[in-house]
Amino acid sequence: MTVPETAAQPGSGVETDTGPGLPQAAAPATPEAAAKAADDAAEAAAGALRPHAEHAFAAELTALAAADDRPRPARWRLSPWAVATYLLGGTLPDGTVITPKYVGPRRIVEVAVTTLATDRALLLLGVPGTAKTWVSEHLAAAVSGDSTLLVQGTAGTPEEAVRYGWNYARLLAEGPSRDALVPSPVMRAMASGMTARVEELTRMPADVQDALITILSEKTLPVPELGQEVQAVPGFNLIATANDRDRGVNELSSALRRRFNTVVLPLPATPEAEVDIVARRVDQIGRSLALPSVPEGAEEIRRVVTVFRELRDGVTGDGRTKVKSPSGTLSTAEAISVVTGGLALAAHFGDGVLRPGDIAAGILGAVVRDPAADRVVWQEYLETVVRERDGWKDFYRACREVSA
């Protein structure tokens with residue numbers, strides 16, 4: 001398939017000559033350049049503790065691009081169908097297996113991908129630990145081949161992180177100039193027609209959030225100091241994430257919220273789905289840390305997921321016993337951390353097999369966030385549920401030991 005032409009056409013109104021100091025639009029990649037990029041990505045991934053998605057899964061992205069014969073939006077590396085396949089997994093006609101990056105309803109992924117193909121930005125919303133950042137990274141990697149155009153939202157994020165800043169040494173020496181301007185990741189994405197990411201949008205101050213309104217509505221970023229502007233070229237879009245627990249911290253204005261299409265990422269619907277997610281991610285993390293393989297700890301993974309779901313839902317899996325819920329979220333991401341920590345204990349201080357004693361301390365740390373109230377909840381759960389459950393005696397003893 002021929003990749004759609006990405007250069008601006010005469011009379012398009014897209015400013016491509018941004019001049020020195022401002023970001024330049026990226027040139028279309030040739031097949032030879034794509035192959036070399038895949039080789040470079042594999043080399044980069046081999047030496048990184050946590051490679052970017054486009055490096056870690058470069059082989060899958062290259063195979064998808066080769067097999068993808070569907071229409072692609074301007075400057076997209078893959079078609080929307082191929083992007084969804086990359087996230088959800090599948091098998092290509094040549095037998096290449098695409099591993100799932102997200103386990104959940106297919107329609108959620110399809111809506112998210114379709115949003116990025118329109119002029120509306122995408123807001124991924126959900127409780128902590130529902131893979132918002134993970135999905136955001138993989139979407140950017142599949143669409144643009146680069147997931148690093150990232151703004152991390154915090155209470156101290158300045159407006160310059162969204163718009164642009166200045167090299168103050170050059171600013172003082174030369175005055176405002178293109179060479180003195182330091183583009184933000186969003187500005188670079190606009191000029192090159194790529195996907196920018198904003199993490200934890202609702203943690204950013206309201207005035208910083210509102211700097212996005214003109215960018216998302218007018219697709220323009222004014223630079224009044226230079227009497228110029230940067231216009232977004234086709235392919236530009238933005239993915240933001242926010243979690244439900246931050247409502248009321250820095251709530252989005254109605255004007256900004258209208259610029260987003262909101263997609264809510266739910267918690268895993270079934271225990272089996274959550275066990276699958278935890279096992280996959282722990283296996284990926286474990287390989288980079290040379291930890292024992294996941295299958296040997298499958299029983300303990302299921303145990304961690306069971307404990308987290310029951311405390312999160314306030315009822316045991318069989319629906320017979322109500323339990324109190326602690327103050328923490330007990331998310332899937334926390335379950336992954338507990339199991340990964342347990343595997344490290346098993347590898348360095350045990351026989352390499354994940355056992356109840358290896359996960360007990362991690363579960364205690366995840367559940368008991370409030371030393372007073374949460375400890376009571378945990379002790380009650382241990383005595384009324386865990387103690388009486390068949391096959392859980394070793395786990396009960398281990399938990400009692402670390403809770404003493």
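The residue count restarts for each chain, going from 1 along the sequence in the order it is written. Under the rules for a predicted model, residues below a pLDDT of 70 receive no local features and side-chain atom pairs below 80 are neither given nor counted, while totals for whole chains, interfaces and linings still include all residues. To get the side-chain values, take all heavy atoms of the structure and skip hydrogens and water.

*Asks:* Hey, could you go over the packing of helix H12 (residues 271-289) against helix H13 (residues 298-313) for me, with residue numbers and the actual values?
*Replies:* Throughout, an axis means a line fitted to C-alpha atoms (over the contacting stretch in the case of helices), and angles, computed between N-to-C directions, take values from 0 to 180 degrees. The secondary structure listing takes helices from DSSP runs of H or I that are at least 4 residues long and strands from runs of E that are at least 2 residues long, numbered from the N terminus. One way to put it is that H12 packs onto H13 with a least axis distance of 10 Å and a crossing angle of 125 degrees. The angle between H12 and H13 falls in the class oblique. Crossing angle aside, the handedness with which H12 passes H13 is right-handed. On H13, the residues touching Pro271, Glu272, Glu274, Val275, Val278 and Ala279 of H12 are Ile301, Arg302, Val305, Arg309 and Arg312. Note on residue categories: nonpolar means Ala, Val, Leu, Ile, Met, Phe, Trp, Tyr, Cys or Pro, charged means Asp, Glu, Lys or Arg, and polar means any other residue, Gly included. Of the residues belonging to the contact of H12 with H13, the class tally is six nonpolar, no polar and five charged. Oblique is the label for any angle not under 35 degrees, not over 145, and not in the 65 to 115 range, which are roughly parallel, roughly antiparallel and roughly perpendicular in turn. Left-handed describes a crossing in which the near helix is turned anticlockwise from the far one by less than a right angle; the clockwise case is right-handed. Any two residues having at least one pair of non-hydrogen atoms within 4.5 Å are treated as being in contact.

*Asks:* With reference to specific residues and values, describe the layout of surface pockets.
*Replies:* Using protein atoms alone on a 1 Å grid, points that fit a 1.4 Å probe yet trap it form a cavity, whereas open point sets bounded by protein on both sides within 12 Å along at least five of seven lines form a pocket; residues with an atom within 4 Å of a point count as lining. Grid points are joined across faces, edges and corners, and a volume is the space filled by probe spheres set on the points. Size it by volume and the largest pocket reaches roughly 1,300 Å³. What lines the largest pocket is a set of 45 residues, and nearest its centre among them are Arg50, Trp134, Arg281, Gln284 and Ile336. Per-element tally for the lining of the largest pocket: the top contributor is H12, with nine residues. Tallied by class, residues from the lining of the largest pocket come to 22 nonpolar, 13 polar and 10 charged.

*Asks:* Give a detailed account of the nonpolar core, specifying residues and quantitative values.
*Replies:* Ranked by internal contacts, the top residues of the largest apolar core, which has 39 residues, are Leu201, Leu238 and Phe260. Once residues within four sequence positions are removed from consideration, Leu238 is found in contact with Leu116, Ala121, Leu122, Val186, Ala196, Val198, Leu212, Leu216 and Phe260. Residues Val367, Trp378, Leu382 and Val386 belong to the second largest nonpolar core, which totals 37 residues. Only buried residues count toward a nonpolar core, which is a set of Ala, Val, Leu, Ile, Met, Phe, Trp, Tyr and Cys residues joined through side-chain atoms within 4.5 Å. The classification of residues rests on relative accessible area computed with a 1.4 Å probe and restricted to protein chains. Under 20% of the type maximum is buried, over 50% is exposed, and intermediate values are partly exposed.

*Asks:* Talk me through the pairing of strand S10 (residues 237-243); I want residue IDs and the actual numbers.
*Replies:* Most of S10 sits out of view: seven of its seven residues are buried. Covered by surrounding structure in S10 are Asn237, Ile239, Thr241 and Asn243 together with Leu238, Ala240 and Ala242, the residues of both alternating faces. The sheet contact formed by strand S3 (residues 121-126) and S10 spans five bridges and is parallel. Among the inter-strand pairings, Leu123 is bridged to a residue of S10, identified as Ala240. Examined bridge by bridge, strand S7 (residues 195-199) and S10 share four bridges and lie parallel to one another. Residue pairing for S10: Ala196 is matched across the bridge by Leu238. Two strands pair if DSSP finds at least two bridges between them.

*Asks:* If you had to explain unusual backbone geometry to someone new, which residues and values would you point to?
*Replies:* In this structure, Arg75 takes a positive phi of about 70 degrees despite not being glycine. Structurally, Arg75 is set in the loop between helix H3 (58-67) and helix H4 (80-88). Here Glu200, not a glycine, exhibits a phi torsion of approximately 55 degrees, which is positive. Relative to the assigned elements, Glu200 resides in the loop between S7 and helix H9 (206-209).

*Asks:* Please give an account of the sheet that holds S10 that cites residues and values.
*Replies:* One open sheet holds the five strands; their spatial order is S4-S7-S10-S3-S11, and the pairing between them is parallel. Strands at the two margins of the open sheet, each flanked by one partner only, are strand S4 (150-152) and strand S11 (260-264). Each adjacent strand pair in this sheet contributes to an overall mean axis angle of 20 degrees, direction not counted.

*Asks:* Summarise the confidence of the model for the protein; cite the residues concerned and give the values.
*Replies:* As a per-residue measure, pLDDT tells how confident the predictor is, with possible values from 0 to 100. Residues at a pLDDT of 70 or more form 88% of the protein, whose mean pLDDT is 88. Confidence over residues 25-29 falls short of pLDDT 50; this stretch has seven contacts with residues more than four positions distant or in other chains.

*Asks:* So, the pattern of salt bridges: which residues are in play, and what are the values?
*Replies:* Definition used for salt bridges: Asp or Glu carboxyl oxygen within 4 Å of a side-chain nitrogen of Lys or Arg. Applying the stated rule across the entire model yields 23 salt bridges. Notably, a salt bridge pairs Arg280 with Asp276, separated by 3.1 Å at the nearest N-O pair. Of this pair, Arg280 and Asp276 are both found in helix H12, four residues apart, which corresponds to roughly one turn of the helix. For Arg280, a relative accessible area of 35% gives the class partly exposed. Through salt bridges with shared partners, one network takes in Arg106, Arg107 and Glu110.

*Asks:* Help me get a handle on the packing of H4 against helix H6 (residues 132-144), residues and values and all.
*Replies:* The angle between the axes and the distance between the axes are what describe a pair of packed helices. Two elements in contact, H4 and H6, have axes separated by 10 Å at closest approach and are oriented at 140 degrees. Here H4 lies oblique to H6, going by the angle between them. For the crossing formed where H4 meets H6, the hand is right-handed. Along its contact with H4, which presents Val83, Tyr86 and Leu87, the element H6 presents Val135, His138, Leu139, Ala142 and Val143. Residue composition of the contact of H4 with H6, grouped by class: seven nonpolar, one polar and no charged.

*Asks:* Tell me about the packing of aromatic side chains, residues and numbers included.
*Replies:* Pairing of aromatic rings covers Phe, Tyr and the six-membered ring of Trp, with a centre-to-centre limit of 6.5 Å; geometry is then stacked below 30 degrees between planes, edge-to-face above 60, and tilted otherwise. Applying the stated criterion to the full structure yields four aromatic pairs. When the centroid spacing of 5.9 Å and the interplanar angle of 25 degrees are considered together, the rings of Trp378 and Tyr381 count as stacked. Of the two residues, Trp378 and Tyr381 both sit in helix H16 (residues 373-386), three residues apart, roughly one turn of that helix. You'll find Trp378 and Tyr381 in the same group, each marked buried. When the ring of Trp392 is compared with that of Phe395, the centres are 5.5 Å apart and the planes differ by 90 degrees; the resulting orientation is edge-to-face. Residue Phe395 is classed as buried on the basis of its relative accessible area of 1%. Criterion for a charge above a ring: Arg CZ or Lys NZ at most 6 Å from the ring centre, at most 35 degrees from the ring normal. Taking NZ or CZ as reference, Lys101 lies 4.1 Å from the ring centre of Tyr86, over its face.

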